[in-house]
Amino acid sequence: MSTGASDTSPSASGQSPEEVAAAAAEAAQKKYSGRSYWDIVKSQFFKDKLAVAAAWLVLLLFGLAIFAPFIANNKPLYIRGVFRKNYGTVYRELVFGSLGSDLQGMAKRYERERLAWEERSIEVRELYERLDQDTALELVRLIEPCERKIDDQAWDKNTFLVSEVFTALDSLTAEVPRFTEVDLDTVLVKELEDLTPPERFAKAISFAYDLPGNLLTTQRLSAFLELARERWETEVGLAQGTLREKFETLLSELDFTVHFKTNFLKSQRNEQVQAQADSLLAEARTLFASDFMTSEPERRKQLDAQAVQLGQAFKALFADKGPRPERKPVELNAIEMYPMLDDLDVTDSFFMPAWLLLVVLFPLLSWFGMKSVGKRLLICVAPAMVCALLWSTFDKVLMTTDFKDQIQNGDIELEDVVWAPVAFGINENDSLNRFTEPYAWVLIKRVLGWEDEEDAESSGEAGEAGADAESSGTDSGVAPFGFKHWLGTDNNGRDVMTRLLWGGRISLSVGFVSMGFAAFIGIIMGSLAGYYRGWVDFAIMRMIEIVMSVPALLLILTVIAFVPPSIFNIMIVIGLTRWTSIARLMRGEFIRLGDQEFVLAARALGVSNTRIIFRHILPNGMAPILVSVSFGIAAAILIESALSFLGFGIMIPFPSWGGLLSDARETVSSDGRWWIIWCPGFMIFLSIVVYNLVGEGLRDALDPRLKV
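A brief report on the enclosed structure follows. (Residues numbered from 1 in each chain as written. Predicted model: local features only at pLDDT ≥ 70, side-chain atom pairs only at ≥ 80, totals over all residues. Heavy atoms only, no water.)

Brief notes about the overall build of the chain
Part 1 of the argument: Looking only at helices and strands, the chain has 31 helices and 3 strands in total.
Part 2 of the argument: Residue burial in the chain is summarised as follows: out of 708 residues, 41% are buried.
Part 3 of the argument: Considering only contacts within the chain whose residues lie at least 6 apart along the sequence, 79% involve residues at least 24 apart.
Part 4 of the argument: Of the roughly 38000 Å² that the chain leaves accessible, carbon and sulfur atoms contribute 60%. (Helix = DSSP H or I, 4+ residues; strand = E, 2+ residues; numbered from the N terminus. Buried < 20%, exposed > 50% of the residue type's maximum accessible area, 1.4 Å probe, protein only. Contact = heavy atoms within 4.5 Å. Areas by Shrake-Rupley, 256 points an atom, 1.4 Å probe, with all protein chains shown as cover.)

In structure tokens:
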């Protein structure tokens, strides 16, 4: 047997085991010399190819969810054409709506409501509507005794006038006999003087109804009536302020509406009409800027007359001659629109550029020598924040136009259009294509030769129908315009792939946000318990044991039963039930690191406890927390899916993966409609697997035994 150079045993090299270990330690020290802890962790993580692939798959899942409006949408990404029906609709809304009825008579409407407040001739329900919610609820509590006292007159508590309340109280005051032998309670008077008007009102009501025999003295009822009037005067001032804000908001909305609709109309007309429209729009904005609330009566008449003239000018300029067939339609120009952008909000304008910069720019900065992770994150996130701020300043209007329907009916004279890759909405019903088999599965069977005669016959009919889908827009297997349902449809004809992409927004965000909230609570509680110890540690650990003693799903279902089923509430509830394990890990790290030399040195130098916790110990104890959070995200996704499956999660119309499974449970039958369950189930399975793989990769990279 050969004992050549390949023999590297200690005996063959003439070295003892201790010398070999020392040499290995020296080699490891040279290898990691000058590298930070997290650089070493990163290099170890990238050695795990499966974990790296899972991390990239996580980024891909997030990318699909973030860019879902661009990938799956029934609105075009770009369209150019003549919007004849929209032109007529906007024309009628502009002339007979904003300028025809809303603006005209605005001054008179405000004056009429203002006088109603001053004369106390408003109804109680109007008072509730005008006030803010807290004040209205308090007023309900205060007026209820009055309603009970005058209930013999059978007034509806929601319709009787406030002035009638005081009239009834005045009449009651006159009818109550004077008991001069009963002195006014001086203690009550002193108490009332020290209270605020709402408290005085409530106290007076309580005292009046607690009198023996339910008899009210004239003095006491008069005091109660005076407090009621005082309370009313306070509420009138608040209500009139709210009324003024209401009209100012209405004027602002009219300004925006007229501006938007005028721009839409003039964009389809010639340059001469566009110039005249700009002039009218300037006059309209001058009218919107008028002070309707403080104008004199003559000035208000002038404003109303200006509004009438302005409406007539808009009507003459944009005269729509299209509704009657015998009239010649207005000559319109083709315009370009980007309807899909209407579905984007501020969060989209932040996460879309942030995802692109993190995927593309973040690794490039590392290759160019920027090692600081914080600086690279700042460079990637800052432009996204600027985009979100700029997007928030744009005026956006939600377009409810059914583009497919108008194109098919000829209401849009189409010149060019670019649809999304999956051109279906999340709640777009296609009654002709209920339970359509996934088109991708049909192609696979066709390539592999798995089609039987029945499948071939049905696919042939679908192909013939798809040939004229552009004109008819209806068939048994292909959607209008020839679009394919790649993952099939459900019982309502909704595209499964679209709902999966948009459902990923809910499911993935629930996992990240809820575990972020849980990590925040767990880190704070665990840090306090591990650093201060003693009674603080005892109290926090007992709290953790109480929370952990109840099954997590049972606790979540109990809390969900008392709060509305919204995505925000689900995130909070999951976070409140998942922080305990993070807190225990954090506590253990603080106990382990609390007696280390660098902590003792910081204490000897007089460093504050807050700085020691958050600047010295916490960064060195985050390793196990990252692993726990990565596993926790997968668990949170599973919990949300379970809640949605049981009917306690995200409600219609917003889709989530668990909600899709719940719908499938109620609609699927035994005739082979497997895709309704398998597609959302596979997405849940895939997301949980990749998160677990990332967590295992982090755990192995953070294992101290792998650094030597």
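Read on for the rest.
A look at unusual backbone geometry
Part 1 of the argument: Although it is not a glycine, Phe435 sits at a positive phi angle of roughly 55°.
Part 2 of the argument: Position of Phe435 among the secondary structure elements: in the loop between strand 3 (412-418) and helix 19 (439-448).
Part 3 of the argument: Using a relative accessible area of 14% as the deciding quantity, one classes Phe435 as buried.
Part 4 of the argument: For Arg533, which is not glycine, the phi dihedral falls at a positive 55°.
Part 5 of the argument: Mapped onto the secondary structure, Arg533 falls in the loop between helix 22 (496-532) and helix 23 (534-549).

A few points about a nonpolar patch on the surface
Part 1 of the argument: Nonpolar side chains collect at one region of the surface, where Val360, Leu364, Trp367 and Phe368 lie side by side and expose about 510 Å² of accessible area between them.
Part 2 of the argument: Mapped onto the fold, Phe368 is located in the loop between helix 16 (346-367) and helix 17 (373-393).
Part 3 of the argument: Judged by relative accessible area, which is 72%, Phe368 ranks as exposed. (Patch = residues over 30% accessible without salt bridge, like charges linked within 9 Å, V, L, I, M, F, W, Y side chains within 5 Å. Salt bridge = Lys/Arg side-chain N within 4 Å of Asp/Glu carboxyl O.)

Digging into the environment of Tyr691
Part 1 of the argument: Its location among the elements puts Tyr691 in helix 31 (residues 675-702).
Part 2 of the argument: Among all residues touching Tyr691, those that are not within four sequence positions of it are Val58, Phe62, Leu508, Phe512, Ser630, Ile633, Ala634 and Ile637.

A look at the sheet that holds strand 1 (residues 78-83)
Part 1 of the argument: What the 3 strands build is an open sheet, ordered 2-1-3; its pairing is antiparallel. Strands at the two margins of the open sheet, each flanked by one partner only, are strand 2 (335-337) and strand 3. The average angle at which neighbouring strand axes cross in this sheet is 25°, direction not considered.
Part 2 of the argument: Bridge count for strand 1 against strand 2 is 3 bridges, and the pairing is antiparallel. Note that in strand 2 the partner of Ile79 across the bridge is Met337.
Part 3 of the argument: This element, helix 6 (residues 84-102), spans strand 1 and strand 3 of the sheet and lies at about 65° to strand 1. (Pairing = 2+ DSSP bridges. Axes fitted to C-alpha atoms, helices over the stretch in contact; angles between N-to-C directions.)

Regarding empty space enclosed by the protein
Part 1 of the argument: For the coordinates displayed, the defined rule picks out 3 cavities of 30 Å³ or more.
Part 2 of the argument: A volume near 90 Å³ is recorded for the second largest cavity.
Part 3 of the argument: As for the second largest cavity, its lining consists of Asp490, Arg494, Val496, Arg499, Leu660, Asp663, Ala664, Ile676 and Pro680.
Part 4 of the argument: Among the elements that take part in the lining of the second largest cavity, helix 30 (residues 657-667) stands out by supplying 3 residues, more than any other.
Part 5 of the argument: Here the residues of the lining of the second largest cavity are counted per class, giving 5 nonpolar, no polar and 4 charged. (1 Å grid on protein atoms, 1.4 Å probe; cavity = no way out; pocket = protein on both sides within 12 Å on 5 of 7 lines; lining within 4 Å. Points joined across faces, edges and corners; volume = space filled by probe spheres on them. Nonpolar A, V, L, I, M, F, W, Y, C, P; charged D, E, K, R; others polar.)

Topic: helix 6
Part 1 of the argument: In a regular helix each residue adds 1.5 Å, so 19 residues correspond to 27 Å; helix 6 covers 25 Å between its end C-alpha atoms and thus fits that length.
Part 2 of the argument: Residue Leu94 marks the point of greatest curvature in helix 6, where the axis turns by about 35°.
Part 3 of the argument: Turning to helix 6, its buried residues are Asn86, Tyr87, Gly88, Val90, Tyr91, Leu94, Val95, Gly97, Ser98 and Leu99. (Expected span 1.5 Å × (residues − 1). Bend = angle between axes of the 7 residues up to and from the residue.)

As for the packing of aromatic side chains
Given two aromatic rings, one states the distance between the centres and the angle between the planes to describe the pair.
Part 1 of the argument: Going through the model one piece at a time under the given rule, you end up with 17 aromatic pairs.
Part 2 of the argument: Centroid distance Phe350 to Phe351: 5.1 Å. Interplanar angle 80°. Geometry classified as edge-to-face.
Part 3 of the argument: Residue classification places Phe350 among the partly exposed positions, given a relative accessible area of 21%.
Part 4 of the argument: Given a relative accessible area of 44%, Phe351 falls into the partly exposed group.
Part 5 of the argument: Grouped by ring-pair contacts, the aromatic residues Phe62, Phe512 and Tyr691 constitute a single cluster.
Part 6 of the argument: A cation over an aromatic ring shows up here: Lys404 above the ring of Trp419, its NZ or CZ 6.0 Å from the ring centre.
Part 7 of the argument: Residue placement shows Lys484 over the ring face of Tyr439; its charged tip is 5.3 Å from the ring centre. (Phe/Tyr/Trp six-rings, centres within 6.5 Å; stacked < 30°, edge-to-face > 60°. Lys NZ or Arg CZ within 6 Å of the ring centre and 35° of its normal.)

Points about the pattern of salt bridges
Part 1 of the argument: Counting across every chain of the model gives 15 salt bridges.
Part 2 of the argument: A salt bridge links Asp348 to Arg505; the shortest N-O distance between them is 2.6 Å. Of the two residues, Asp348 sits in helix 16 while Arg505 sits in helix 22, which places them 157 residues apart along the sequence.
Part 3 of the argument: In this structure Asp348 comes out as buried when scored by relative accessible area, which is 5%.
Part 4 of the argument: You can call Arg505 partly exposed: its relative accessible area is 22%.
Part 5 of the argument: In this structure, the salt-bridge partner of Glu428 is Lys404, at a minimum N-O distance of 3.1 Å. Placement of Glu428 in the loop between strand 3 and helix 19 and of Lys404 in helix 18 (residues 403-409) is noted, with a sequence separation of 24 residues between them.
Part 6 of the argument: Within this structure, Arg80, Glu336 and Glu415 form a network of salt bridges that share partners.

Observations concerning the pairing of strand 1
Part 1 of the argument: In terms of burial, strand 1 is a largely internal element, 5 of the 6 residues being buried.
Part 2 of the argument: Inspection of the sheet shows strand 1 paired to strand 3 by 6 bridges, in the antiparallel sense. Bridge pairing in strand 3 links Arg80 to Asp416.

Examining the side chain of Thr577
Part 1 of the argument: Looking at the secondary structure, you find Thr577 in helix 25 (residues 567-577).
Part 2 of the argument: When neighbours within four sequence positions are excluded, Thr577 is seen to be in contact with Leu555 and Ile556.

Regarding the environment of Ile79
Part 1 of the argument: Its place among the elements puts Ile79 in strand 1.
Part 2 of the argument: Exposure remark for Ile79: the relative accessible area of 0% places this residue in the buried category.
Part 3 of the argument: Between the C-alpha atoms of Ile79 and Pro339, which are 260 residues apart in sequence, the distance is 7.9 Å.
Part 4 of the argument: Filtering out sequence-adjacent residues up to four positions away, Ile79 remains in contact with Ile335, Glu336, Met337, Pro339, Phe403, Ile407, Ile412, Leu414, Asp416 and Val417.

Describing the packing of helix 4 (residues 49-66) against helix 31
Axes are the key here: two packed helices are described by the angle between their axes and the distance separating the axes.
Part 1 of the argument: Between helix 4 and helix 31, whose axes approach to 8 Å, the crossing angle comes to 135°. Between helix 4 and helix 31, the interaxial angle falls into the category oblique. As helix 4 runs across helix 31, the sense of the crossing is left-handed. Residues Leu50, Ala51, Ala54, Ala55, Leu57, Val58, Leu61 and Phe62 of helix 4 pack against Met683, Leu686, Ser687, Val690, Tyr691, Leu693, Val694 and Gly697 of helix 31. (Parallel < 35°, antiparallel > 145°, perpendicular 65-115°, else oblique. Left-handed = near helix turned anticlockwise from the far one by under 90°.)

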